[in-house]
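One-letter residues, chain by chain:
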Amino acid sequence: MMKMKRIALSALLSLGLTACGPMEESEPMPESMFEEQGSQALDAACTSLGTGITSHACVHSGNPADHLARTASATRVTSAPSISTKHTAYDIALPSGAEGSVTYVPATTGSYAFYRTQNVPFTVINGSTSATVPSALSQTVSSSGCLLVYVSVHDLTAGTTYIVATGPASGNAITVVPEFLDDSRTRYYRDADGDGYGSTTSIYTACTPPAGYTTQRFDCNDTVGSGASINPGATEVCGNGIDDNCDGSQC
Ligand SMILES: [Ca+2]
Ligand SMILES: [Ca+2]
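Being a predicted model, the structure only gives us computed values, none of them experimental. (Residues numbered from 1 in each chain as written. Chains lettered and ligands numbered in written order. Predicted model: local features only at pLDDT ≥ 70, side-chain atom pairs only at ≥ 80, totals over all residues.)

**Brief notes about the overall build of the chain**
- Of regular secondary structure, the chain possesses 3 helices and 12 strands.
- Per-residue burial over the chain gives 33% buried out of 251 residues.
- At a minimum sequence separation of 6, the contacts of the chain that also span at least 24 residues come to 63%. (Helix = DSSP H or I, 4+ residues; strand = E, 2+ residues; numbered from the N terminus. Buried ≥ 20, exposed ≤ 12 C-beta atoms within 10 Å, placed from the backbone. Contact = placed C-beta atoms within 7 Å.)

**Notes on the environment of Tyr189**
- Structurally, the position occupied by Tyr189 is in strand β10 (residues 186-190).
- Linking Tyr189 and Phe218, residues 29 residues apart in sequence, is a C-alpha distance of 9.1 Å.
- Setting aside residues up to four positions removed in sequence, Tyr189 forms contacts with Gly198, Ser199, Thr201, Ser202, Tyr213, Thr214 and Arg217.

**Considering the environment of Pro168**
- With respect to the helices and strands, Pro168 occurs in the loop between β8 (162-166) and β9 (173-180).
- Through-space distance from the C-alpha of Pro168 to that of Ala98 is 4.4 Å; in sequence the pair is 70 residues apart.
- Contact partners of Pro168, with chain neighbours within four places excluded, come to Leu94, Gly97, Ala98, Glu99 and Val120.

**With respect to the sheet that holds strand β11 (residues 202-205)**
- Strands sit in the order β11-β10-β12 across an open sheet of 3 strands; the sheet is antiparallel. Each edge of the open sheet is held by one strand with a lone partner, namely β11 and β12 (213-214).
- Across 4 bridges, β10 lies against β11 in antiparallel orientation. Residue pairing across strands places Tyr188 opposite Ile203, the latter belonging to β11. (Pairing = 2+ DSSP bridges.)

**Topic: the nonpolar core**
- Ranked by size, the top nonpolar core spans 35 residues in total, and within it Ile92, Ala113, Phe114, Tyr115, Tyr162, Val164 and Val176 carry the most contacts.
- Among the elements that make up this core, the one with the highest residue count is strand β4 (residues 110-116) (4 residues).
- Residues contacting Tyr115, with those up to four places away along its chain left out, are Ala57, Val141, Leu148, Val151, Val177 and Glu179. (Core = buried A, V, L, I, M, F, W, Y, C linked by C-beta atoms within 7 Å.)

**Remarks on the confidence of the model for the chain**
- For the chain, the average pLDDT comes to 86, and 82% of its residues sit at 70 or higher.
- Here residues 1-40 is modelled with pLDDT under 50, and outside its nearest four sequence neighbours on either side it reaches 40 contacts, counting other chains as well. (pLDDT = per-residue confidence, 0-100.)

**Topic: the pairing of β10**
- Judged from the 2 bridges that link them, β10 and β12 form a sheet pairing that is antiparallel. Considered in β12, the bridge of Arg190 is made with Tyr213.

**As for the sheet that holds strand β6 (residues 137-140)**
- The mixed open sheet is built from 6 strands, whose spatial order is β1-β2-β9-β4-β7-β6. The open sheet terminates on both sides in strands that have one partner only, identified here as β1 (67-71) and β6. The sheet shows a mean angle of 25° between the axes of neighbouring strands, direction not considered.
- Where β4 lies against β9, 5 bridges are found, and the strand directions are antiparallel. (Axes fitted to C-alpha atoms, helices over the stretch in contact; angles between N-to-C directions.)

**Some thoughts on the environment of Thr205**
- Topologically, Thr205 is positioned in strand β11.
- The class for Thr205 is buried, based on 29 C-beta atoms found within 10 Å.
- Sequence-wise, Thr205 and Arg185 are 20 residues apart; in three dimensions their C-alpha atoms are separated by 4.6 Å.

Here it is as structure tokens:
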């Protein structure tokens, strides 16, 4: 019974707590995952955010109903206005020509992406220790029709009050969209033969997957070379003895 419970726990963890970076589902769950499940950080293999999480943030920034206004504190204090609600675009008014501060208290430990409308100084500070939380990843954002231009990812601990200091910024204002990476993961399937359809081996990540992965699945032959012409998008060729289009039958 204990073994079954452990297997079930392992399955749940792999579905819900896999770190941002790629992890082959066929790999066994490392023991460390059980011990560190509450403090996972951005995986070292994650070098950029995938289009899924960026599109998600852009939807919030583009929806007037998802916007909330905040007036930043002029000083770095843990009593500064909060921007802790996910899926929200915070329109932050900054002190004229100067930096301003808001706070973020994560509900869950993990990696958080802070998308924003200007690439200006942006510092995340642990309100308890005053230590700066370095960005695990930062990059420009280029998404058609989206006002978000920059994002940085920070590994945060649940319940800690973080001071987010930003600015000065043009117009003394900046919009920030906080996203939790585990909320916006996409499943990618291994496509060894490069035909655009993947096999059952997959990774589930908010990051850009390594080369050779696709969002389409159901490739019944992912063999390099010979499998490239066999996939759900192929035309069935009668009489060749092959299920070319992966529908389970030949004609
Ligand atoms: Ca394939
Ligand atoms: Ca067929």
